[in-house]
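Coordinate analysis (summary)
As a plain string of letters, each chain reads:
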Amino acid sequence: MTEAQKQRKLKKIEGLKKDLRYEKQRFGAYDDGYGRRYAIMELYLELKDHKKTNRYLSWFNKNFPDDITYLRFQLGIASTKFELKKYKEAKMHLVKVVSLNTYVLDLMLERPVESIEKYEWSQTENLKWAREEWRGLMDLVSPAFKIWLEDFTKEAEFISYLNTYIAIQISLKGKKVGEARSHLLEKSRECLRTWEALYL
């Protein structure tokens, strides 16, 4: 990236931030129906300025604490935290990546992957989507991150929780609305909460 390209991106970030500040001043809160908060994150990730990205994430989490974001966003957080040597935080956000698609990390690590007959809330959770998107996600991570990710996904705790989560999702497949389905959904959420809590 040339210096001129970098400056254009920084200028765009400032413009987006200005729009968000105006929205807050005018309405007393952020609505951001245009997704400016996500566009800012994407630009920071393109710049690969990990410290500035991390500062932005602090602001984002303060102002949008319940925003579940999306897989690329979460992977970008994981990569940023890794580059800043915040490894536990990176692991927590990789759990969030897994919750959004169980296939994508294996594809990024160039492992053989087969579709699993399990409950998937949206098409972004399936293998077809992961196969179409994983190469575009590689621009978020460094070679060092990929080596570290390989080791992390081989840890006993990672494998155990992943298998438990997938087993629950398999049990959910085809379940009709009712007590049994609600119980499994809660088990799924609890599995993810407990898994993430390992890295707090």
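Keep in mind it's a predicted model, so treat the numbers as computed, not measured.

**Digging into the overall build of the chain**
Per the secondary structure count, the chain includes ten helices and zero strands. Along its sequence from the N terminus, the chain presents helices and strands in the succession α-α-α-α-α-α-α-α-α-α. A globule of 200 residues ought to have a C-alpha radius of gyration of about 16 Å, and the chain, at 18 Å, matches this closely. Over its C-alpha atoms, taken along the principal directions, the chain stretches across nearly 50 × 40 × 30 Å. By the burial criterion, 42% of the 200 residues in the chain qualify as buried. A fraction of 65% describes how many contacts in the chain between residues 6 or more apart in sequence connect residues 24 or more apart. Working note: accessible area of the chain is about 11800 Å², and carbon and sulfur atoms make up 53% of it.

**Some words on helix α3 (residues 50–63)**
Its 14 residues give α3 an end-to-end C-alpha distance of 20 Å, which sits within 8% of 20 Å, the value for a rise of 1.5 Å per residue. Taken together, the buried positions of α3 are occupied by Thr53, Asn54, Tyr56, Leu57 and Phe60. Each buried residue of α3 sits inside an arc of 160 degrees when the element is viewed along its axis, so together they form one side. Of the exposed residues in α3, those oriented more than 90 degrees away from the buried face are Lys51, Arg55 and Lys62. Residues of α3 that are buried make contact with α1 (3–27), α2 (36–47) and α4 (71–83).

**A closer look at the nonpolar core**
Generally speaking, a soluble globular protein has its nonpolar side chains buried in company with each other. Counting 56 residues, the largest nonpolar core has Leu75, Leu94, Val104, Leu105, Phe145 and Trp195 as its most contacted members. Setting aside its immediate chain neighbours within four residues, Leu105 contacts Leu94, Val97, Val98, Leu149 and Phe158.

**Let's talk about the layout of surface pockets**
Quantified by volume, the largest pocket comes out at close to 1100 Å³. Around the largest pocket sit 36 residues that line it, and Ile68, Lys96, Ser99, Leu100 and Leu192 are the ones nearest its centre. Counting residues per element, the ones that place at least two in the lining of the largest pocket are α3, α4, α5 (87–100), α7 (127–137), α9 (156–172) and α10 (179–197). Looking at the lining of the largest pocket element by element, the count peaks at six residues for α10. In terms of residue class, the lining of the largest pocket is made up of 17 nonpolar, ten polar and nine charged.

**Some details on the side chain of Gln74**
Here Gln74 shows up in helix α4. On the accessibility criterion, Gln74 (5% relative accessible area) is buried. Side-chain polar atoms of Gln74 contact the side chain of Thr69, separated by 2.8 Å. Those residues in contact with Gln74 that lie beyond four places of it in its chain are Ile68, Thr69, His93, Lys96, Val97 and Leu100.

**Description of the pattern of salt bridges**
Oppositely charged side chains can form a pair if their charged atoms are brought close together. In this structure the tally under the stated criterion is 19 salt bridges. Across the pair Glu186 and Arg193 runs a salt bridge whose closest N-O atoms are separated by 2.5 Å. The class of Glu186 is partly exposed, set by a relative accessible area of 34%. A relative accessible area of 42% means that Arg193 is categorised as partly exposed. A single salt-bridge network, built from bridges that share partners, covers Asp106, Arg111, Glu150 and Lys154.

About the thresholds
Residues numbered from 1 in each chain as written. Predicted model: local features only at pLDDT ≥ 70, side-chain atom pairs only at ≥ 80, totals over all residues. Heavy atoms only, no water. Helix = DSSP H or I, 4+ residues; strand = E, 2+ residues; numbered from the N terminus. Rg over C-alpha atoms; globule rule 2.2 N^0.38 Å. Buried < 20%, exposed > 50% of the residue type's maximum accessible area, 1.4 Å probe, protein only. Contact = heavy atoms within 4.5 Å. Areas by Shrake-Rupley, 256 points an atom, 1.4 Å probe, with all protein chains shown as cover. Expected span 1.5 Å × (residues − 1). Arc of directions from axis to C-beta. Core = buried A, V, L, I, M, F, W, Y, C linked by side-chain atoms within 4.5 Å. 1 Å grid on protein atoms, 1.4 Å probe; cavity = no way out; pocket = protein on both sides within 12 Å on 5 of 7 lines; lining within 4 Å. Points joined across faces, edges and corners; volume = space filled by probe spheres on them. Nonpolar A, V, L, I, M, F, W, Y, C, P; charged D, E, K, R; others polar. Polar contact = N/O pair within 3.5 Å; in protein donor to acceptor, adjacent residues only side chain to side chain. Salt bridge = Lys/Arg side-chain N within 4 Å of Asp/Glu carboxyl O.

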